[in-house]
Amino acid sequence: MKAVLVSRYGAPEVLQLSEVPAPEPGPDQVVVRVRATSVNPVDWHSMRGEPVLVRFSSGLTKPRQPGIGADVAGVVEAVGSAVTTLRPGDAVFGMSIRTWAELVPVKAEGLVAKPAAVSFEEAGTIGVAALTALQGLRLHGRVQPGQRVLVAGAGGGVGHFAVQIARALGAGVTAATSTANLAWVGALGADEVIDYSKADPTAARSRFDVIFDAGGWLTLAGERRALRPGGIAVNAGAGGSPSVVGLVGRMAAAAIISRVGDRRFVSYLANRTPEDLETLRAMLEAGQLRPHIDRRYGLAEIREAVRYQETGQAQGKVAVSIAGG
Ligand SMILES: NC(=O)c1ccc[n+]([C@@H]2O[C@H](COP(=O)([O-])OP(=O)(O)OC[C@H]3O[C@@H](n4cnc5c(N)ncnc54)[C@H](OP(=O)(O)O)[C@@H]3O)[C@@H](O)[C@H]2O)c1
C-alpha cells in the first residue's frame, strides 16, 4: 500500500509517496481503508521539525517515525481481537497518526461512525481542527448558552469550525476574519462578522464572555479589554508569537494576569477523546457543523496540498482524497 513518508525535516519536497507493507490491527485497533484526510498546521510543523520544541517528541535530528498525517475518514477493513464496537465495512472518521496512507491502524476509540449525509471528503477534515475548536470553546472556554463569544481567525480550519460550534453551544457569535473571507464566514451563522483589517474586534470594552483566538494573533491587552469580568480568552494557536521566546513570554504574561485579575487566559493542546468525537458526530448529524473545503488534492499531490495550507490563506480546510474520497 502507499503512504506518505518523511525521513528528514524540511520543506514539502521531503514528503515521499512510498510503497510500504499493509498494517495489521493490534488487539484494540481497526485497520481503516482511508478515503480522505486533510492538512493541518501540525502536519507541516512535524514535517519541518519547527518550532524546534516539536523535535523533543518527534526526533532531534530526523523524524523518529516517517509516517505523517492526523485526520482520517474511511471504511473499516480489519478488526482487532478485542474490538467490539466496529465491524468491517463501517464508515468512520476520527483522528490518529500516520493517516496520509491508503491503510492505517487506529485505536477503535479514536473513530466514530460517519453520518451518511456527510461525504468522506468532508469527514476527513473534521478530526484535529474541529476537536481543537470544540475543546477550546467547551472545555477551556466553558461556553454557556446565551453568552457572547468572539472567534478570531474565523476563516481558518479551526476558526470556521469554532464559529459553528459556538453557535451550536447556544452562544451569540462575533466572527473576526480577513477581508477575503467575510462572505463565506458570514454564511456560517455568526450574528456579526468583523473585518479585522478595518476594525479592531477587541476595541469595545467588556463585550465578550469568551474570546476564542484560533490563530493566536490577538494581543493579551486587546483580549483583556474586550472580555467581561469573569471572562475567558482561549488561544489555540501561536501566530502572534512566532519564536519560542515570544511564545513562552506570552504564556508567562497570560498566567500572571490570570492570577491577579478577574479574567482568565488559557492556552492548550487539543487531544482526542471519544466523548468529543461523539459530540462532533452528533453536530454533523444535526447539520450544525459543516466543513468549508477550499481546495481538494489527491494523495499524489500532497506536496502541493501542504504548500497551500502553509500559506495561511486557505479558506476553511484543505482536503486530501484517497481512492475516490
Ligand atoms: N492548540 C492546539 O492543540 C492546536 C490544534 C490545531 C491547530 N492549532 C493551531 O491553531 C492555529 C489555526 O490552525 P488552523 O488549522 O485553523 O490553520 P489555518 O487553517 O491555516 O488558519 C489560520 C487562520 O489564521 C488567520 N491568519 C493567517 N495569517 C494571519 C495574520 N497574519 N494575522 C491574523 N490572522 C491570520 C487566517 O484566518 P482569517 O483570515 O480569518 O484571519 C487563517 O485562515 C494554528 O496556529 C495551529 O498551529 C492548535
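Owing to the predicted nature of the structure, the values given are computational and were not obtained by experimental measurement.

> I would appreciate a short explanation of the domain arrangement of the protein chain in the present structure.
Quoted interface sizes are often the accessible area lost when the parts come together. Taken domain by domain, the protein chain consists of domain 1 (2-126 + 291-321) and domain 2 (129-267). Each of domain 1 and domain 2 has a C-alpha centre, and the two are 27 Å apart. With 13 residues of domain 1 at the interface, the matching set in domain 2 holds twelve residues. Both sides together, the interface formed by domain 1 and domain 2 hides about 930 Å², and carbon and sulfur atoms give 66% of it.

> Explain the packing of helix α4 (residues 127-140) against helix α9 (residues 274-285) to me, please; I cannot follow it from the model alone.
Two quantities define a packed helix pair, namely the angle between the helix axes and the distance between the axes. The geometry of α4 relative to α9 is characterised by a closest axis approach of 10 Å and an angle of 105° between their N-to-C directions. Accordingly, the angle class assigned to the pair α4 and α9 is roughly perpendicular. Within the contact between the two elements, α4 uses A130, L131, L134, Q135 and R138 and α9 uses E275, D276, L277, T279, L280 and M283. Taken together, the residues of the contact of α4 with α9 break down into six nonpolar, two polar and three charged.

> Just checking my understanding: could you explain the site of the ligand for this structure?
The ligand sits among 25 residues. The nearest are G155, T177, S178, Y196 and A270. Interatomic distance of 2.8 Å between a backbone N/O atom of V158 and an oxygen atom of the ligand. If the ligand stood free it would expose 910 Å²; the protein chains cover 80% of that surface. Counting only elements with at least two residues in the shell around the ligand, the list comes to α1 (41-48), α4 and α5 (157-168). Taken together, the residues of the shell around the ligand break down into twelve nonpolar, 13 polar and no charged.

> Got a minute to help me understand the sheet that holds strand β10 (residues 192-195) in this structure?
The six strands lie next to each other as β10-β9-β8-β11-β12-β13, forming an open sheet whose pairing is parallel. Each of the sheet's edge strands pairs with one partner strand only, and the pair in question is β10 and β13 (264-267). Put simply, the sheet's adjacent strands are angled 15° from each other on average, direction ignored. Inspection of the sheet shows strand β11 (residues 208-213) paired to strand β12 (residues 227-235) by five bridges, in the parallel sense. Following the sheet pairing, F212 is matched in β12 by V234.

> Any chance you could explain the pairing of β12 here in plain terms?
The side chains of a regular strand alternate between both faces of the sheet. Remark: the β11/helix α7 (residues 220-226)/β12 crossover connection has right-handed handedness. Pairing of β12 with β13, which is carried by four bridges, proceeds in the parallel orientation. Paired with I232 across the two strands is R264, which belongs to β13.

> I would appreciate a short explanation of a nonpolar patch on the surface in the present structure.
Taken together, the side chains of V52, L53, F56, L60, V244 and V248 define a hydrophobic patch exposed on the protein surface, amounting to about 580 Å² of accessible area. In this structure V248 comes out as partly exposed when scored by relative accessible area, which is 48%.

> What's the story with the pattern of salt bridges in this structure? I'm lost.
Note on pairing: side chains with opposite charge can pair once their charged atoms come close. Considering all chains together, one arrives at 18 salt bridges under this definition. Ionic pairing is found between R33 and E77, a salt bridge with its closest N-O pair at 2.9 Å. Note that R33 is positioned in strand β3 (residues 29-38) and E77 in strand β4 (residues 71-79), a separation of 44 residues in sequence. Looking at R33, the relative accessible area reads 35%, which means it is partly exposed. Overall, E77 belongs to the partly exposed group, its relative accessible area being 39%. A salt bridge links R281 to E285; the nearest nitrogen and oxygen atoms lie 2.9 Å apart. Taken together, the residues R281 and E285, both in helix α9 and four residues apart, mark about one turn of the helix. Residue classification places R281 among the buried positions, given a relative accessible area of 18%. Counted as one network, the salt bridges with shared partners bring together E13, E304 and R307.

Here is what the cut-offs are and how they apply
- Residues numbered from 1 in each chain as written.
- Predicted model: local features only at pLDDT ≥ 70, side-chain atom pairs only at ≥ 80, totals over all residues.
- Heavy atoms only, no water.
- Domains from an automatic or database assignment.
- Contact = heavy atoms within 4.5 Å.
- Buried area = accessible area lost by both parts, 1.4 Å probe.
- Axes fitted to C-alpha atoms, helices over the stretch in contact; angles between N-to-C directions.
- Helix = DSSP H or I, 4+ residues; strand = E, 2+ residues; numbered from the N terminus.
- Parallel < 35°, antiparallel > 145°, perpendicular 65-115°, else oblique.
- Nonpolar A, V, L, I, M, F, W, Y, C, P; charged D, E, K, R; others polar.
- Near = heavy atom within 4 Å.
- Polar contact = N/O pair within 3.5 Å; in protein donor to acceptor, adjacent residues only side chain to side chain.
- Areas by Shrake-Rupley, 256 points an atom, 1.4 Å probe, with all protein chains shown as cover.
- Pairing = 2+ DSSP bridges.
- Right-handed = clockwise from strand over helix to strand, strands pointing away.
- Patch = residues over 30% accessible without salt bridge, like charges linked within 9 Å, V, L, I, M, F, W, Y side chains within 5 Å.
- Salt bridge = Lys/Arg side-chain N within 4 Å of Asp/Glu carboxyl O.
- Buried < 20%, exposed > 50% of the residue type's maximum accessible area, 1.4 Å probe, protein only.

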